[in-house]
Amino acid sequence: MNGTSHEPAPILRVQGLAKRFPMPRERLFGPRPMLTAVADVSFDLTAGETLAVVGESGCGKSTVGNLVLNLLAPSAGAIAFEGEDLSHANAARWRARRRDLQLIFQDSRGALDPRLTIDRQVAEGLDIHRIGAPSDRLEKARQMLDSVGLGGHLMGRYPHELSGGQQQRAVIARALVLEPKLVVCDEPVAALDVSVQAQVVNLLQDLQRTYGLTYLFISHDLSVVRHVADRVAVMYLGRFVEVASRDALFSQPAHPYSRALIGAVPAARSRHGRRVQPVALHGEPPSPLFPPQGCALNPRCPFATDQCRQERPDLRPLPGGGFVACHHVENLL
Amino acid sequence: MSAETVASAKPEAPAPRGERFWRMPILVWLAAGFLVLVAVIATFAQVLMPYGYEDTNLLFRLKPPFWSSLSIEGHVLGTDKLGRDLLSRLLVATQVSIALALLGTLIGAVLGTVLGVLAAHYGRLVDEIVMMLVDWQAAMPFLIIALAVLAFFGNNFYLFLALMGLAGWETYARLTRGLVLSAKEQGYAVAVRALGARPWRLYVRHILPNVIGPLIVQLTLNFPQTILLETSLSFLGLGIQPPLTSLGQMLGEGRDYLLTSWWLAVIPGAVIFITTLSMSLFGDWLRTRLDPTQR
Ligand SMILES: Nc1ncnc2c1ncn2[C@@H]1O[C@H](COP(=O)(O)OP(=O)(O)OP(=O)(O)O)[C@@H](O)[C@H]1O
Ligand code: SF4
Ligand SMILES: [Mg+2]
């Protein structure tokens, strides 16, 4: 979508991804309500870049991450990794590809098996993918743990014997020992103390440089996103409403929702030099069970018109770069 | 429990739970002590018994135990209608009953656990079939089914063992299914899947070790029931057949002499009663120790 001819081929191409969850019937024999967690999400990732996905809780960020890794089966859409269309790949093919596609969790403690020492858990990926000689795997896992800052006596510990930051380092080591190409980081620092957050974010950036990793970085913390992202996708009610470079988004958010989210960013000025007015949205986000007709934001948007209430805006390129899904974006800038 | 035991084996592990583990109520201590005794008897019956359990001596029939003035030297618990030494028979009967109950319980546990994992893994049709069998089994008066099967097919040791295994499988299946379903949603299970593991690795290496605690408790709760099933069937003459003996079979034989030589029935009956009670007490205690919601 945003890959033009002079750019290198994307490492990941996602097209029209959607996920609907069937919900329990309200009445016996009544219809099954469907919750649309993700709808029509398309994006490309270039090798080595970090695309951040931001949005408020429940907008579908984690679902996008899980769909990309096929931890959830998509309801629609296609995923191509390194040019290989994985939409029809069977379970065995996906298992093999997981070596290149890894995940770092928000809840690092829950993501570790309480009954195994962390060096064994880090070595497990090597066992699964038969990387190296069996006798070397534990050693390789320990080297990885050492390089994420879990050296010496910490390696043989059980997860409950580690602090939150150490657990997250173990989770990172477990993902990276496979030398993946793409890593989905789902709120990797949200559960950590602020003082530890910076360390883990810096570790992730160091590792990205060392291994040339591509990150899909899911977060609701804009200060973290501003620190790590090359590009940012803003999500609202299961859809991408704006995709822009980090600098453009933080200095000139275009979509009314982005402007509300980024808020009164002091430096935000429009392309004409005017100060971008922060947007105040009315009310709360609606339930994904009953998304509004037309533009999903229209009940809350101060610029909504009749067109917004009837037609859903597509994500379309802006002249200055970036993509926005809003009928009136040109007039608002 | 075992995670903490493993953890406390490490030098830098936090406060070991092993110490608190030994603080059992006195009744549980007694129960545990009795179970150890039963285990020793079941293992070493052949070494401990003073006579062969089949050796008859028609000169000394129906002799009373040691407390009676009519008791005879060497037969501490007296003799039965064929003059066989009651103590020797009791030791062998305990061995047979415990071994059968243990095998039966293990068969049921393995069968139920495997079916529970399959139901949780495959869901949908497999799940529905397994749960239908579970409900069917739970609704059946199993003793009557077992009686009918044994009466129809005739007595056969392996058939008897199979019936004992089938007696309790549904509780394991139901329990395992629930435990696995919730464990599958845990982060570590998703993580192992994300690493690219096959399902067997997920279940064998990660989920089962994490849910084994409640299953072991269920084993201890199910074991007395299996003993009772074995003894009931043998009492009714459909289980263990002479010349082999079991606690239930001794009870059945002793029944005819209840008025004249009551100890023939009461002594094996007491062993059954105290063994199952001890097992239940111990299992209950284990459950409250392992279940955080009951602490
Ligand atoms: N397994 C599921 N079954 C039903 N609904 C689900 C399921 N998983 C997610 N949802 C719903 O899908 C929507 C998106 O969930 P998701 O976890 O992707 O949000 P999120 O943006 O990651 O939120 P958060 O920031 O809180 O993690 C939510 O409304 C959620 O309730
Ligand atoms: S399309 Fe209309 S309602 Fe939606 S964000 Fe744009 S102006 Fe607001
Ligand atoms: Mg999430």
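Structure: above.
None of these values were measured; they are calculated from a predicted model.

**Section: the overall build of chain B**
Part 1 of the argument: A tally of helices and strands in chain B yields 12 helices and 0 strands.
Part 2 of the argument: Across its three principal directions, the C-alpha atoms of chain B cover 75 × 50 × 30 Å.
Part 3 of the argument: Here chain B, with 295 residues, has 45% of them falling under the buried criterion.
Part 4 of the argument: Sequence-distant contacts in chain B: of pairs separated by 6 or more residues, those separated by 24 or more amount to 71%.
Part 5 of the argument: Summing over all exposed atoms, chain B offers an accessible surface of approximately 15,000 Å²; the carbon and sulfur share of this is 69%.
Part 6 of the argument: Charge centroids of chain B, computed over 21 positive and 18 negative side chains, lie 8 Å from each other.

**So, the sheet that holds strand β7 (residues 182-186) of chain A**
All names here are of chain A.
Part 1 of the argument: The strand order β6-β7-β8-β3-β9-β10-β12-β11 describes an open sheet built from 8 strands, whose pairing is mixed. Here the strands that pair on one side only, and so sit at the sheet edges, are β6 (101-104) and β11 (316-317).
Part 2 of the argument: By the bridge criterion, 4 bridges tie β6 to β7 in an arrangement that is parallel. Bridge pairing in β7 links Ile104 to Cys185.
Part 3 of the argument: Docked against the sheet, helix α5 (residues 164-176) engages β6 and β7, running at close to 175° with respect to β6.

**Here's the deal with the packing of aromatic side chains**
All names here are of chain B.
Part 1 of the argument: Under the defined criterion, the tally for this structure stands at 6 aromatic pairs over all chains.
Part 2 of the argument: For the pair Phe157 and Tyr158, a centre-to-centre distance of 5.5 Å together with 85° between the ring planes defines the contact as edge-to-face.
Part 3 of the argument: Overall, Tyr158 belongs to the exposed group, its relative accessible area being 63%.
Part 4 of the argument: When the ring centre of Phe235 is taken as origin, the NZ or CZ atom of Arg255, which lies over that ring, is 5.0 Å away.

Definitions and limits used
Residues numbered from 1 in each chain as written. Chains lettered and ligands numbered in written order. Predicted model: local features only at pLDDT ≥ 70, side-chain atom pairs only at ≥ 80, totals over all residues. Heavy atoms only, no water. Helix = DSSP H or I, 4+ residues; strand = E, 2+ residues; numbered from the N terminus. Buried < 20%, exposed > 50% of the residue type's maximum accessible area, 1.4 Å probe, protein only. Contact = heavy atoms within 4.5 Å. Areas by Shrake-Rupley, 256 points an atom, 1.4 Å probe, with all protein chains shown as cover. Lys, Arg positive; Asp, Glu negative; His and termini not counted. Charge placed at Lys NZ, Arg CZ, Asp CG, Glu CD. Pairing = 2+ DSSP bridges. Axes fitted to C-alpha atoms, helices over the stretch in contact; angles between N-to-C directions. Phe/Tyr/Trp six-rings, centres within 6.5 Å; stacked < 30°, edge-to-face > 60°. Lys NZ or Arg CZ within 6 Å of the ring centre and 35° of its normal.

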